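Structure at a glance
The chain contents come next:
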Amino acid sequence: MAVEWSGLTPDLFIRLDRQSPETLGSQLQNALRTAIREGRLQIGERLPSSRRLAVDLGVSRGLVQATYEQLEAEGYLRAFGGSATRVAFSPQTTVVTSPEGTPAARMEIDFAPGRPDLNSFPARDWLWACGEATRTASARDMGYGDPQGSIRLREVIASYLQRVRGAFAGADDVVICSGFTQGAALTLAALRAAGATSVAVEDPGHLDMPILVRRAGLKPVFIPVDDRGLVVDELARTKATAVIVTPAHQTPTGVVLAPDRRLALLEWAEQVNGVVIEDDYDSEFRYDKQPVGSLQGLAADRVVSIGSVSKSLAPAIRLGWVLASRHLGAWIAEEKHRRDRCSPILDQLALARLIESGRFDRHLRRMRGVYAARRIALVEAIGEHAPNLVLTGLAAGFHAIAQLPRGADEAEIVAAAAQRAVGLQGLDRYRSPNSDGPPGIVFGFGDVNQDAIRRGIAAIGDLLRQG
Ligand SMILES: Cc1ncc(COP(=O)(O)O)c(C=O)c1O
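Let me begin by describing the structure that accompanies this report. (Residues numbered from 1 in each chain as written. Predicted model: local features only at pLDDT ≥ 70, side-chain atom pairs only at ≥ 80, totals over all residues. Heavy atoms only, no water.)

1. Describing the site of the ligand
Contacts to the ligand come from Gly179, Phe180, Thr181, His206, Met209, Thr251, Asp279, Tyr281, Ser308, Ser310, Lys311 and Arg318. In this structure, an oxygen atom belonging to the ligand sits 2.8 Å away from a side-chain N or O atom of Arg318. Contact with the protein chains covers 88% of the free accessible surface of the ligand, which is 400 Å². The residue inventory of the shell around the ligand, partitioned by class, reads three nonpolar, six polar and three charged. (Near = heavy atom within 4 Å. Polar contact = N/O pair within 3.5 Å; in protein donor to acceptor, adjacent residues only side chain to side chain. Areas by Shrake-Rupley, 256 points an atom, 1.4 Å probe, with all protein chains shown as cover. Nonpolar A, V, L, I, M, F, W, Y, C, P; charged D, E, K, R; others polar.)

2. Description of the pattern of salt bridges
Once the charged atoms of two side chains with opposite charge are near each other, the side chains can pair. Under the defined criterion, the tally for this structure stands at 28 salt bridges. Measuring nitrogen to oxygen at the nearest pair gives 2.7 Å for the salt bridge that ties Arg163 to Asp361. Separated by 198 residues along the polypeptide, Arg163 in helix H5 (residues 151–165) and Asp361 in helix H12 (residues 359–385) bring together distant segments of the chain. With a relative accessible area of 18%, Asp361 lands in the buried category. The residue Glu334 makes a salt bridge to Arg338 at a minimum N-O spacing of 3.6 Å. Of this pair, Glu334 and Arg338 both sit in helix H10 (residues 326–340), four residues apart, which is roughly one turn of that helix. Using a relative accessible area of 42% as the deciding quantity, one classes Glu334 as partly exposed. Ionic contacts of the salt-bridge type, sharing partners, join the residues Glu132, Arg135, Arg152, Arg353 and Glu356 into one network. (Salt bridge = Lys/Arg side-chain N within 4 Å of Asp/Glu carboxyl O. Helix = DSSP H or I, 4+ residues; strand = E, 2+ residues; numbered from the N terminus. Buried < 20%, exposed > 50% of the residue type's maximum accessible area, 1.4 Å probe, protein only.)

3. Topic: the environment of Gly274
Mapped onto the elements, Gly274 comes out in the loop between helix H9 (259–271) and strand S9 (275–279). Along the chain, Gly274 and Ala196 lie 78 residues apart, while their C-alpha atoms are 9.0 Å from each other. Not counting residues within four places of it along the chain, the set of residues in contact with Gly274 comprises Thr241, Ala269 and Arg302. (Contact = heavy atoms within 4.5 Å.)

4. Brief notes about the packing of aromatic side chains
Applying the stated criterion to the full structure yields six aromatic pairs. Taken together, a centroid distance of 5.0 Å and an interplanar angle of 85 degrees make the contact between Phe285 and Tyr371 edge-to-face. Here the residue Phe285 occupies a position in the loop between S9 and strand S10 (303–308), and Tyr371 occupies one in helix H12, the gap between them amounting to 86 residues. Each member of the pair, Phe285 as well as Tyr371, is classed as buried. Look at Tyr371 and Phe398: their rings are 4.5 Å apart centre to centre, the planes differ by 40 degrees, and that puts the pair in the tilted class. Of this pair, Tyr371 sits in helix H12 while Phe398 sits in the loop between strand S12 (390–392) and strand S13 (399–403), placing them 27 residues apart in sequence. A relative accessible area of 1% means that Tyr371 is categorised as buried. For Phe398, a relative accessible area of 2% translates into the label buried. These aromatic residues form a ring-pair network of at least three members: Phe285, Tyr371 and Phe398. The ring of Trp128 has Arg359 lying over it, and the distance from NZ or CZ to the ring centre is 3.6 Å. (Phe/Tyr/Trp six-rings, centres within 6.5 Å; stacked < 30°, edge-to-face > 60°. Lys NZ or Arg CZ within 6 Å of the ring centre and 35° of its normal.)

5. Observations concerning the sheet that holds S12
Ordered by their spatial adjacency, four strands build an open sheet running S12-S13-S16-S15, and the pairing between neighbours is antiparallel. Strand pairing shows two members of the sheet lacking a second neighbour, S12 and strand S15 (425–426), which therefore form its edges. Relative to strand S16 (residues 440–444), S15 runs antiparallel, the two sharing two bridges. Paired with Gly426 across the bridge in S16 is Ile441. Across the sheet, H12 is in contact with S12, S13 and S16; its angle to S12 comes to roughly 160 degrees. (Pairing = 2+ DSSP bridges. Axes fitted to C-alpha atoms, helices over the stretch in contact; angles between N-to-C directions.)

6. As for the sheet that holds strand S11 (residues 320–323)
Pairing is mixed across the open sheet formed by eight strands, whose spatial order is S4-S11-S10-S9-S8-S5-S6-S7. Each of the sheet's edge strands pairs with one partner strand only, and the pair in question is strand S4 (174–177) and strand S7 (229–230). Note that S4 and S11 share four bridges and pair antiparallel. Each bridged residue has a counterpart across the sheet, and for Ile176 the counterpart in S11 is Trp321. The strands touched by helix H6 (residues 179–193) within the sheet are S4, strand S5 (198–203), strand S8 (242–245), S9, S10 and S11, with S10 carrying the most contacts at an inclination of about 155 degrees.

7. Examining unusual backbone geometry
Backbone phi values are negative for most residues with the exception of glycine, while trans is the configuration of most peptide bonds. A cis geometry characterises the amide bond from Asp203 onward to Pro204, with omega recorded as 5 degrees. Mapped onto the elements, Pro204 comes out in the loop between S5 and helix H7 (208–215). In this structure, Pro252 follows Thr251 across a cis peptide bond, with omega equal to 5 degrees. Residue placement: Pro252 occurs in the loop between S8 and H9. Phi is positive for Arg341, which is not a glycine, with a value near 70 degrees. Mapped onto the fold, Arg341 is located in the loop between H10 and helix H11 (345–356). The backbone phi angle of Ala421 is positive, close to 65 degrees, even though this residue is not glycine. Looking at where Ala421 falls in the secondary structure, it is placed in the loop between helix H13 (410–419) and strand S14 (422–423). For Ala421, a relative accessible area of 21% puts it in the partly exposed group.

Structure (structure tokens):
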């Protein structure tokens, strides 16, 4: 996407050679053509006014105007009602009609899972926290920070996880990272360095997990998930010595790992001298019962718990934490140091302030109400428009599964809904290539308001009923 430079006169890097036999006009034309062809000037980008460019280059305004006209005629540039001249060509697209480029097809109502309500981001509170963090940061805070994370944030996160997740944590057990994704990559790298060769992942499961495992040079082993969560007996039949699980609210099925399976999983880890990587991604939001405590609180030496604020605040913050035993935590911090030194310190201090001040809890309380109302809207809309469908996985988070009858064509329903600008995801896309299972649709309702939920389900009710 082109950058919309503010100000009237975006600078342009062009050199004219006054010793060259080539005329200045020809040089200017060629320089602009090359910049556009090489993508240095992008489609939609605004050029300086002819007056300004003429002054900058020390040439006449008429020469610049003639150049712009020539490149317009060739299709490189386009003038917009005297307001601005913009780039109209990109190396990939030879025919261009709009300076904004062609917008990708967008779903009007998108039930994509994994997205919190981005409109509810507590911008004022965050702004306040950033202000506080910047105002109180010492000169030392402005240097490279501790790769393990700011001690202030680690203390706050440790106490938060103890209070809210029943975790077993002190500041020394926490490594601050850039979201779950980096936390998992760091942990996997540390496990590989310690000799692991294969890591189990849930099937169906989050699409990124086998990719993260492979990127770390490890082999993913797919373990089935049933209506009680990960089938631990199957895990025990493999050679994997680590597993990534979503015990509080499985992605994508929404199942909560059954109590006996939780214990069996920890026993397995003990027997194989292995590690459970707990993806604690949306545990803040639970509707029907008390929150399920973190697995890490039961076996701190066997479980690495990774969380982030991507669901509780917004993915854009890119802050998360790894809770690991001291030994593994030291490896993880070392890996963090090697990759990017440390996470941004001012953001870490701001998050610490946000949590300490109670503003974070207040936001979570508000969001629980928002998501609970959306969850009810989804249940009611499905009840009205496709009463035979069974919705499962609704105990926590902000996605649920509509179980389709066996034989229903999941892909066809997703494609037909897309024709109506309603974005759906089938369960199949979360399965490993060799696995199979009953068809279903994943309904994310985090970033879809009640009205849109009702309209979306009404628009595809007939498709869901056929299923
Ligand atoms: C189950 C699950 N785990 C992990 C992640 C990645 O989270 P982060 O943004 O913290 O990297 C997501 C994001 O959607 C997710 O749904």
